[in-house]
Amino acid sequence: MSDDNPLAPPPWLNAPPVDAYPYEESHDLRVGPKLHPTLDGLLPYVGVWRGRGRGGYPTIEDFDFAQEIRISHDGRPFLFYESRAWILDEQSRPVRPAGREVGWWRPVLDGERATGELEVLLSTPTGVMELYLGRRNGTQVELATDAVVRTSTAKEVTGGHRLFGIVEGALLYAQEMAAVGQGLHPHLSARLLRVGG
């Protein structure tokens, strides 16, 4: 077969296995790659956070939950965001897994300088993907959805608003959601303590 034959097997087909991913990612600024300078304004968020909160919505009963958020970086100009939560009973015992989401926080740049504006992409295993646009003001981050995309089987979510802040060393947030025919209403709020980083 000639090199121009599109039916020839690709060169990687029988190549040897590769080693594990060779680049470090860290939620601890004392180890791993150096934080990209455009992320300096988001530095207080980098870490592992754990705590509890309260949830509700006009169409469901209020509930208590625990949550862990991991915000890490690999030296490039974005943060990796991962959240997992679980429902708690009246005695603070775990009942069942709850919401999960992963995504990216990206500062908007003007050349090599962060502008204070943010683009945040989040997706859930329930089929909802959200694009948030917002701003950082000191240690406060405010985000509003610019677009929401759903799979055909996902719950109808049409918008959201999130407010994050670092207050006395804790990560606090409040989330509003527009979903299932309802307008924007409070949905989740929590206070998380730094447990890593």
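Structural data are supplied above this passage.
Residues numbered from 1 in each chain as written. Predicted model: local features only at pLDDT ≥ 70, side-chain atom pairs only at ≥ 80, totals over all residues. Heavy atoms only, no water.

A. The arrangement of unusual backbone geometry in detail. Of note, Glu168 is a non-glycine position whose phi angle comes to about 50°, a positive value. In this structure, Glu168 sits in the loop between strand S8 (157–167) and strand S9 (170–179). Even without being a glycine, Val180 presents a positive backbone phi close to 40°. Classification of Val180 by relative accessible area gives partly exposed; the value is 37%. (Helix = DSSP H or I, 4+ residues; strand = E, 2+ residues; numbered from the N terminus. Buried < 20%, exposed > 50% of the residue type's maximum accessible area, 1.4 Å probe, protein only.)

B. Looking closely at the pairing of S9. Across the ten residues that make up S9, a large majority, seven, are buried. Pairing of S8 with S9, which is carried by ten bridges, proceeds in the antiparallel orientation. Bridge pairing links Gly165 to Leu172 in S9. Two successive antiparallel strands, S8 and S9, enclose a turn made up of two residues, where Glu168 displays a positive phi of approximately 50°. As judged from the seven bridges shared by S9 and strand S10 (residues 185–196), these two strands associate in the antiparallel manner. By the bridge assignment for S10, Met177 is matched with His185. Between the end of S9 and the start of S10, which pair antiparallel, lie five residues, with Val180 showing a positive phi angle near 40°. (Pairing = 2+ DSSP bridges.)

C. Inspection of the environment of Tyr23 at higher detail. Position of Tyr23 among the secondary structure elements: in the segment before strand S1 (47–57). On a C-alpha basis, the gap between Tyr23 and Asp74 in space is 7.4 Å, while along the polypeptide they are 51 residues apart.

D. Molecular detail of the side chain of Ser72. In this structure, Ser72 sits in strand S2 (residues 60–72). A relative accessible area of 2% places Ser72 in the buried class. In terms of polar contacts, Ser72 uses its side chain to reach the side chain of Glu25, at 2.8 Å. Not counting the four nearest positions on each side in its chain, Ser72 is found in contact with Glu25, Ser26, His27, Phe78, Leu79 and Phe80. (Polar contact = N/O pair within 3.5 Å; in protein donor to acceptor, adjacent residues only side chain to side chain. Contact = heavy atoms within 4.5 Å.)

E. Representation of the nonpolar core in the model. Counting 28 residues, the largest nonpolar core has Leu42, Tyr45, Leu79, Trp105, Val141, Phe164 and Leu171 as the members making the most contacts within it. Breaking this core down by element, the ones donating at least two residues are S2, strand S3 (79–88), strand S5 (113–123), strand S7 (140–150), S8, S9 and S10. Not counting the four nearest positions on each side in its chain, Leu79 is found in contact with Leu35, Leu39, Leu42, Val46, Ile71, Ser72, His73, Gly103, Trp104 and Trp105. Val128, Ala154, Val157 and Ala179 belong to the second largest nonpolar core, which has six residues in total. (Core = buried A, V, L, I, M, F, W, Y, C linked by side-chain atoms within 4.5 Å.)

F. Structural detail: the side chain of Asp89. Looking at where Asp89 falls in the secondary structure, it is placed in the loop between S3 and strand S4 (94–110). Here Asp89 falls in the buried class, since its relative accessible area comes to 17%. Here Arg93 takes part through its side chain, which lies 2.8 Å from a polar atom of the side chain of Asp89.

G. Region of the structure containing the sheet that holds S1. Taken in spatial order, the ten strands close into a barrel running S1-S2-S3-S4-S5-S6-S7-S8-S9-S10, and their pairing is antiparallel. Neighbour-to-neighbour, the strand axes of this sheet turn through a mean angle of 25°, independent of strand direction. Direction of pairing for S1 relative to S2: antiparallel, over a ladder of ten bridges. When the sheet's bridge partners are listed, Arg54 is paired in S2 with Asp64. (Axes fitted to C-alpha atoms, helices over the stretch in contact; angles between N-to-C directions.)

H. Molecular detail of the environment of Glu142. As for its position among the elements, Glu142 is in strand S7. Linking Glu142 and Pro33, residues 109 residues apart in sequence, is a C-alpha distance of 27 Å. For Glu142, the residues in contact, after removing those within four places along its chain, are Leu133, Gly134, Arg135, His161, Arg162 and Leu163. Of note is the side chain of Glu142, whose polar atom sits 2.7 Å from the side chain of His161.

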